[in-house]
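What the coordinates show
One-letter residues, chain by chain:
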Amino acid sequence: MSALTVDPWHALGDPTRRRVFARVAHSPCSVTEIAQDLPVSRPAVSQHLRVLLDARLVDVHQQGRLRMYQARPDGLAELRHELESYWTQALTTFKKVAEQTYQAEPLE
């Protein structure tokens, strides 16, 4: 891994890279297997995987002559935590606005 860690949001910002990530999240696979499923070259797949590795979203291990890539079990944890905090804040804000604007109907 490089000395500089890539922001996982940036890493997944590219549509092709998201497809590469989805492929390795489905099951461990080699660059060749990924390239067969996508309209990009093996060198391009390797570059996308390098970014995903640097973002700590995937791991790689040697299996015979092949380098097999797979999604890291905790790779999306940081992103998920951020999304949950945004969702919690949005719900809190919605509740606050609803309570401030609520006007009870007069009872007859």
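Let us look at the environment of Leu 66. In this structure, Leu 66 sits in strand 2 (residues 66–71). On the basis of relative accessible area, Leu 66 is assigned to the partly exposed category, the value being 41%. For the pair Leu 66 and Leu 53, spaced 13 residues apart in sequence, the C-alpha to C-alpha distance is 16 Å. The contact partners of Leu 66, leaving out residues within four places of it in the chain, are Ser 30 and His 61.

Turning our attention to unusual backbone geometry. Here the phi dihedral of Arg 56 falls at roughly 65°; this positive angle occurs in a residue that is not glycine. As for its position among the elements, Arg 56 is in the loop between helix 4 (42–54) and strand 1 (58–63). When its relative accessible area of 39% is taken as the criterion, Arg 56 is described as partly exposed.

Another point: helix 2 (residues 15–26). Helix length check: helix 2 (12 residues) gives 17 Å between terminal C-alpha atoms against 16 Å at 1.5 Å per residue, within 8%. Taken together, the buried positions of helix 2 are Arg 17, Val 20, Phe 21 and Val 24. Take helix 2 and look down its axis: the buried residues cluster within an arc of 95°, on one side only. Residues of helix 2 that are buried in the fold lie against helix 1 (8–11), helix 3 (31–37), helix 4, strand 1 and strand 2. Its side-chain oxygen placed 2.9 Å from the backbone nitrogen of Thr 16, Asp 14 serves as the N-cap of helix 2.

Cut-offs and rules
Along each chain, the written sequence defines residue order, and numbers are assigned to residues from 1. Given that this is a predicted model, residues contribute local features only at a pLDDT of at least 70 and side-chain atom pairs are listed and counted only at 80 or more, while totals for whole chains, interfaces and linings are drawn from all residues. Only heavy atoms go into the side-chain values, all of them from the structure, while hydrogens and water stay out. Secondary structure elements are defined from DSSP: runs of H or I of at least 4 residues count as helices, runs of E of at least 2 residues count as strands, and each element is numbered from the N terminus. Summary of the burial criterion: residues with accessible area below 20% of their type's maximum are buried, those above 50% are exposed, and those between are partly exposed, where the area comes from a 1.4 Å probe applied to protein chains only. A contact between two residues is defined here by any heavy atoms of the two lying within 4.5 Å. In this analysis, the expected span of each helix is defined as 1.5 Å times one less than the number of residues it contains. Note that the arc is computed from the directions linking the helix axis to the C-beta atoms. In protein, a polar contact requires one atom able to donate a hydrogen and another able to accept it; more generally it is a pair of N or O atoms within 3.5 Å, and residues adjacent in sequence count only if both atoms are side-chain atoms.

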